[in-house]
Amino acid sequence: MSSRFDGDGGRVFGIRTDLIEQFIGTVNRDLKAKVGVVIVTLFVIAAVFAPELAPYDPMAQDFAPLQAPALSSETPLGTDSFGRDLLSRLMYGARISLGVGLGAVLFGAIIGVLLGLVAGFYGGWIDDLLMRSVDVMWAFPWLLIAIMLVAIFGQGVWNVVIAVGFAYIDDFARITRGEVLSIREEEYILAAESVGLGDLEVVFEEVFPNTVAPIIVQFTVLVARAMLAEATLSFLGLGVKPSTPTWGALLGQGRDFITQAWWISIIPGVLIMITVLGINLFGDALRDAFDVREVDSE
Amino acid sequence: MSEPLLDVRGLTTSFETGQGKLTAVDDISFSIGEGEVFGVVGESGSGKSVTALSVMRLLDDAGTVEADEIRFNGTDLLSLSEREMRNVRGGEISMIFQDPMTSLNPVMTIGEQIAEVVRHHGDVGERTGFWSEMRRKYVTGTSKESRSWQRAVELLETVGIPEPEKRATEFPHQLSGGMRQRVVIAQALAGDPSLIIADEPTTALDVSIEAQILNEILELSDEFGISVLLITHDLGVVRETCDRVAVMYASEFMETGHVDDIFEDPHHPYTEGLLASIPRIDDDREWLSVIEGTVPDLIDKPAGCPFRDRCDYAFELCDRPLVEYEIEGSALETHTVRCHRENEHVEVDDSGHIDAVPEEAVAALERRIEAESPGDAGGSVTSTTDVNARADGGRPTSPATGSENGGDQDEY
Amino acid sequence: MLFVVTVVFFAVRAVPGDPARLMLGGDADPAALTALRQELGLNQPLYVQYFQWLRRLLTGNFGESIRTGEPVLGSLAQVAGPTISIAALGMVIALMIAVPTGILSSVKRYEIEDYVSTTIAFFGISMPAFWIGIVLILVIGVNVDSIPTFGYTPIDEGVSPWFRSIILPAFAVGFPYGGILMRMMRSSMLEVLNEDYMRTARAKGLSSNLVLFKHGLQNALIPVVTLAGIFLAVVLGGVVAVEIVFGIRGIGRLLIGSINRRDFPLIQGTVLIISFVFVLANIVVDLLYTMINPRIKYGGGE
């Protein structure tokens, strides 16, 4: 089956189409994968179309504060302490969560993959230098990195993206380097070199497409973790500006009213949980489909 | 002849796979006498290892083992409880696996890996309960004064490991491949077994140590009167070491007999083909012979001879169920072949081919198939069962559709 | 370590905002501001400040809080108790959940035990610690009177009150960590179960429990230990947020507070101490790793 797509055949955006087929196969077979796909899809739709779908302006203080959720009312999920519609705020919050999650991991991935490719491909002192630096980052707990970066650059979406994503550089660098090292030994790279492809060509034509599967899996897992990190930062008041509706911030603000208005905390919390769960399920399905090992004994 | 040590009748092992039922071992019978070295030779994937694991009942839930009987020292192994079977494993029958690199536990000392067998199967009076063993493993370690440890050191010396006291405290990765396989042999001897199953014991080793290790196994088994079931793909090894040998192909035994008979007077076309593919010093052939074609799919395997598609002499009877033919005039041991060319009514011409199949041949074959049907179970020792004669033998005969060769069932 | 120290210093100094102005208020007298800056050493060039700081660090002096004037180490020591208690108990809880369920799950693969444990672990890795804390307060704290939902009782006021005051935060911290570890334990054990030496152990006639725990467990733990070290950061991040949820005055709250007040020495000290503990923890993990993996000790093996 897969042999049909071996070699150079069938690639979409550099991803071998057999990987996509394998993923579809997994989703068809596995209930968990289906749940994951559904949750992720709903979440992305809510995030992308928040301006169209949200019933009200998330910043407008239109209603009586602390209204309980009721399906019949104008504000089905209730209002916060300023009388803002919680449903609208949550939909806009999905935008931030998705944006920060994707953005942070993309930031980490781009830098990390590049470092890993270079380190793995050239080896020698370049490898030593790069991987040592990455090791130092490893000894640094991510939350401190994020807190420090936010403290340095101030609050704001981009700063949170960088703060959270910074911690993922080493993950990607390590994975990419490992894959490159194992692929390097394989003969088709030698073959490519022997027909006179340059270093860069070899990296992008041959090595990169083959490291794609584990990187995609890692990417998905980290998006979930980045969303948790963003929620934690927002909750601590170190995230995006406090007035911006993010799930973590909503949860944090709701905590003060937990006895009078449980929904302000609970609903964003449940949403975070379901979304992250969905992305994790999605990631597991990808992992199964691409046959990527979870535990690396190295 | 006295009762054999191990007597296997009609052993069939199958696995449920996504694509259908994979028959890894198909109705094989053999026996091993005391002190005898019995070889099973065949290509990888022919079901040799699964045969060994089936006898030991070491296949996990995925595999189904059926047999008329697996009689060892008078008891049917299939009727034993798991607890009783544990006394057999390592004690009565021990195993030597292919790769000493992976078959020894990397985080346990060599001494302890041997000593635990001594404790469990020997008479050293040391406690072997779960908590005693766990305490030994994680808290106290194995005492160097304990009898089991000292026995382990002795065994290391027996298998020719220098400085056994020191080596016993080391870990497998600190030893060379040859040394490791000696450790595995010592481990196999530790329970004082009467049968050792050696599954490709030298395949993972350098050719230079292969002979040493084989000699070690044979000399020791000879010395202690241990029978050996030697599984290998190497006919040269078989010739030098075995008393009797069975040639296995696509999960079935094709030909069984004394080594000299098999090598000097092979009757099965597959055996002939195998022998012809061995290079010889006095060879003046320009090309080594090869057997053309590939092994058939073992998933939903059809009845009939599994070799017929690759066989130069294939004829009409070959898609009939196989029965066992005894070769007369073999001087040493019973020599049996599962090939319809041996049918007494079939005329084989000088080139080995068959022109016509007389009516009597078909009739005789049908009588034998009839005679060996389940109603006749427990017949004479020499008569054997055949593919369709077993209660579970009614396999679908549709040709396999997949392209896989089911070649990897050794993995199970 | 020097690298960490240097990064911490310059990173913290890069925080915009002037502590002197913060201390005296927005409309303070410029002369007073200058005097205060002088006093705090903020008027000197950055590199001078850096080397002064470094020299004091080597003698164990982490400086004084700009705000309260207390030594940084002293303030940290005051609040370290609850943080260490919660983190330690959280890790114990995580390991107690993760190792047995991971093993159970791998042995009973695709059976009900596996599905239940992997589902619970999945929830574990999908919830932020502070959210688990909030749910615990709502569900348990409110209904069970003997377990407080706010504050911390030091251990010298009795083990039982201490334990009750940290059990909920510790669980909130430990659950996500436990979920991660459980998944690793499971997949690591699944791989070990397929190893040749496990078959050898069975062929020796050992009982299935002995095969699993004597021959399998240590091998399965090897990769888990490494990853457990990496994911200690999850515990740390969890503790900081959980302290806020449960109103516990620990290092996490101190850190957040000092960032809001631009208390440079305190931020520097706290970040340094946390990094130091983190490095230390990773060294401990490395030691553990060499203990359970004999292949490392002798530098041989594959």
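Cut-offs applied
Residues numbered from 1 in each chain as written. Chains lettered and ligands numbered in written order. Predicted model: local features only at pLDDT ≥ 70, side-chain atom pairs only at ≥ 80, totals over all residues. Heavy atoms only, no water. Disulfide = S-S within 2.5 Å. Buried < 20%, exposed > 50% of the residue type's maximum accessible area, 1.4 Å probe, protein only. Helix = DSSP H or I, 4+ residues; strand = E, 2+ residues; numbered from the N terminus. Pairing = 2+ DSSP bridges. Core = buried A, V, L, I, M, F, W, Y, C linked by side-chain atoms within 4.5 Å. Contact = heavy atoms within 4.5 Å. Phe/Tyr/Trp six-rings, centres within 6.5 Å; stacked < 30°, edge-to-face > 60°. Lys NZ or Arg CZ within 6 Å of the ring centre and 35° of its normal. Buried area = accessible area lost by both parts, 1.4 Å probe. Salt bridge = Lys/Arg side-chain N within 4 Å of Asp/Glu carboxyl O. Polar contact = N/O pair within 3.5 Å; in protein donor to acceptor, adjacent residues only side chain to side chain. Nonpolar A, V, L, I, M, F, W, Y, C, P; charged D, E, K, R; others polar. Patch = residues over 30% accessible without salt bridge, like charges linked within 9 Å, V, L, I, M, F, W, Y side chains within 5 Å. Areas by Shrake-Rupley, 256 points an atom, 1.4 Å probe, with all protein chains shown as cover. pLDDT = per-residue confidence, 0-100. Expected span 1.5 Å × (residues − 1).

This paragraph deals with the state of the cysteines. Residues and elements named next belong to chain B. According to the stated counting rule, one finds zero disulfides over all chains in the structure shown. The thiol of Cys311 is unpaired, and the distance to the nearest cysteine sulfur, on Cys318, comes to 6.1 Å. The thiol of Cys318 is unpaired, and the distance to the nearest cysteine sulfur, on Cys305, comes to 5.8 Å. Residue Cys318 is classed as buried on the basis of its relative accessible area, which comes to 8%.

The side chains of a regular strand alternate between both faces of the sheet. Residues and elements named next belong to chain B. Across the twelve residues that make up strand S1 (residues 6-17), a large majority, eleven, are buried. Strand direction decides the pairing type here: S1 and strand S2 (residues 20-32), joined by nine bridges, are antiparallel. Paired with Glu16 across the bridge in S2 is Lys21. Between S1 and S2, which pair antiparallel one after the other, the connecting turn spans two residues. The pairing of S1 with strand S5 (residues 69-72) spans four bridges and is classified as antiparallel. Across the sheet, Arg9 pairs through a bridge with Glu69, a residue of S5.

Here eight strands make up an open sheet; going across it, the order is S7-S8-S9-S3-S10-S11-S13-S12 (chain B) and the pairing mixed. Two strands in the sheet have a free side with no partner beyond their single neighbour: strand S7 (93-96) and strand S12 (325-326) of chain B.

Membership of the largest hydrophobic core comes to 139 residues, with the highest contact counts inside it found for Tyr168(A) and Phe172(A). In contact with Phe172(A), other than residues within four places in its own chain, are Val105(A), Gly108(A), Ala109(A), Gly112(A), Val113(A), Ile215(A), Gln218(A), Phe219(A) and Leu222(A). Counting 98 residues, the second-largest nonpolar core is a separate cluster that includes Phe15(B), Val245(B), Ala246(B) and Ala250(B).

We describe a pair of aromatic rings using the distance from one ring centre to the other and the angle between the two ring planes. Under the definition given, this model contains eleven aromatic pairs over all chains. Considering the side-chain rings of Phe130(B) and Phe213(C), the 5.8 Å spacing of their centres and the 80° angle between planes classify their relative orientation as edge-to-face. Residue Phe130(B) is located in helix H5 (residues 130-140), and its partner Phe213(C) is located in helix H10 (residues 208-230); the two belong to separate chains. According to the relative accessible area criterion, Phe213(C) is partly exposed, its value standing at 24%. Ring geometry for Tyr249(B) against Phe307(B): centres 5.1 Å apart, planes inclined by 85°, an arrangement best described as edge-to-face. Taken together, the residues span a long stretch of sequence, with Tyr249(B) in strand S10 (residues 244-249) and Phe307(B) in the loop between helix H12 (269-276) and S12 at a distance of 58 residues. Phe307(B) sits in the buried class, given a relative accessible area of 3%. Sitting over the face of the ring of Tyr138(B), Lys137(B) holds its NZ or CZ atom 4.6 Å from the ring centroid.

Next up on the list: the interface of chain C and chain B. Across the contact, 26 residues belong to chain C and 34 residues belong to chain B. It is Arg199(C), Lys204(C) and Lys214(C) that lose the most area in chain C upon contact with chain B, and together they represent 26% of the buried surface on that side. A salt bridge links Lys214(C) to Glu133(B), with the shortest nitrogen-to-oxygen separation between them at 2.7 Å. Summed over the shared surface of chain C and chain B, the number is 18 residue pairs in polar contact (both at pLDDT 80 or more). For the side of chain C that touches chain B, the elements supplying multiple residues, two or more each, are helix H9 (196-203), H10 and helix H14 (294-297) of chain C. Here the side of chain C that touches chain B takes nine residues from H10(C), the largest share from any one element. Broken down by class, the residue content of the side of chain C that touches chain B amounts to ten nonpolar, nine polar and seven charged.

With that settled, the discussion passes to a nonpolar patch on the surface. All names here are of chain A. On the surface, Val44, Ile45, Val48, Phe49 and Leu53 cluster together into a nonpolar patch covering about 400 Å² of accessible area. Of all the elements, helix H2 (residues 31-48) adds the most residues to the nonpolar patch, at three residues. Inspection of the secondary structure assignment puts Leu53 in helix H3 (residues 50-53).

Quick look at unusual backbone geometry now. Residue and element names in this part refer to chain B. In this structure, Glu163 is a non-glycine residue whose phi angle is positive, near 50°. Tracing the backbone shows Glu163 in the loop between helix H6 (147-158) and helix H7 (164-168). The phi dihedral of Ser251 falls on the positive side, at around 75°, and the residue is not glycine.

Here we take up the environment of Val270(A). Residue placement: Val270(A) occurs in helix H12 (residues 262-290). In this structure, the C-alpha to C-alpha distance between Val270(A) and Glu193(A), residues 77 residues apart in sequence, is 52 Å.

Residue and element names in this part refer to chain C. On average, residues of chain C score 81 in pLDDT, and 84% of them reach the 70 mark or higher. In this model, residues 298-302 is a region of pLDDT below 50 whose contacts with residues beyond four sequence positions or in other chains number eight contacts. Both confidence scores are given for the complex: pTM 0.80, ipTM 0.80.

A separate point is helix H9 (residues 207-224) of chain B. Residue and element names in this part refer to chain B. With 18 residues, H9 should reach 26 Å at 1.5 Å per residue; the first-to-last C-alpha distance of 26 Å fits that figure. Against the buried residues of H9 lie strand S3 (37-42), S7, H6, helix H8 (177-189), strand S9 (227-232) and helix H10 (235-241). A positive backbone phi angle near 65° is found at Gly225, which sits one or two residues after H9.

Residue and element names in this part refer to chain A. Averaged over every residue, the pLDDT of chain A is 76; the share at 70 or more is 76%. Here strand S1 (residues 11-12) stands out as the element of chain A with the lowest mean pLDDT, 52, in contrast to helix H4 (residues 86-122), whose mean of 86 is the highest. Contacts for the low-pLDDT stretch residues 1-9, under 50 throughout, to residues beyond four places or in other chains number six contacts.

Topologically, Leu117(A) is positioned in helix H4. Along the primary structure Leu117(A) and Asp284(A) are separated by 167 residues, whereas in three dimensions their C-alpha atoms are 25 Å apart.

As enumerated under the stated definition, the model contains 28 salt bridges over all chains in all. Between Asp284(A) and Arg287(A) there is a salt bridge, with the nearest N and O atoms lying 3.8 Å from each other. With Asp284(A) and Arg287(A) both in helix H12, this residue pair falls three residues apart, about one helical turn. Across this residue pair, the class does not change: Asp284(A) and Arg287(A) are buried. We note a salt bridge from Glu216(B) to Arg182(B), for which the minimum N-O separation is 2.8 Å. Of this pair, Glu216(B) sits in helix H9 while Arg182(B) sits in helix H8, and the two are 34 residues apart along the sequence. By the burial criterion, Glu216(B) is buried, and Arg182(B) matches it. A cluster of three or more residues bridged by salt bridges with shared partners is formed by Glu112(B), Glu116(B), Arg119(B), Glu133(B), Arg136(B), Lys204(C) and Lys214(C).

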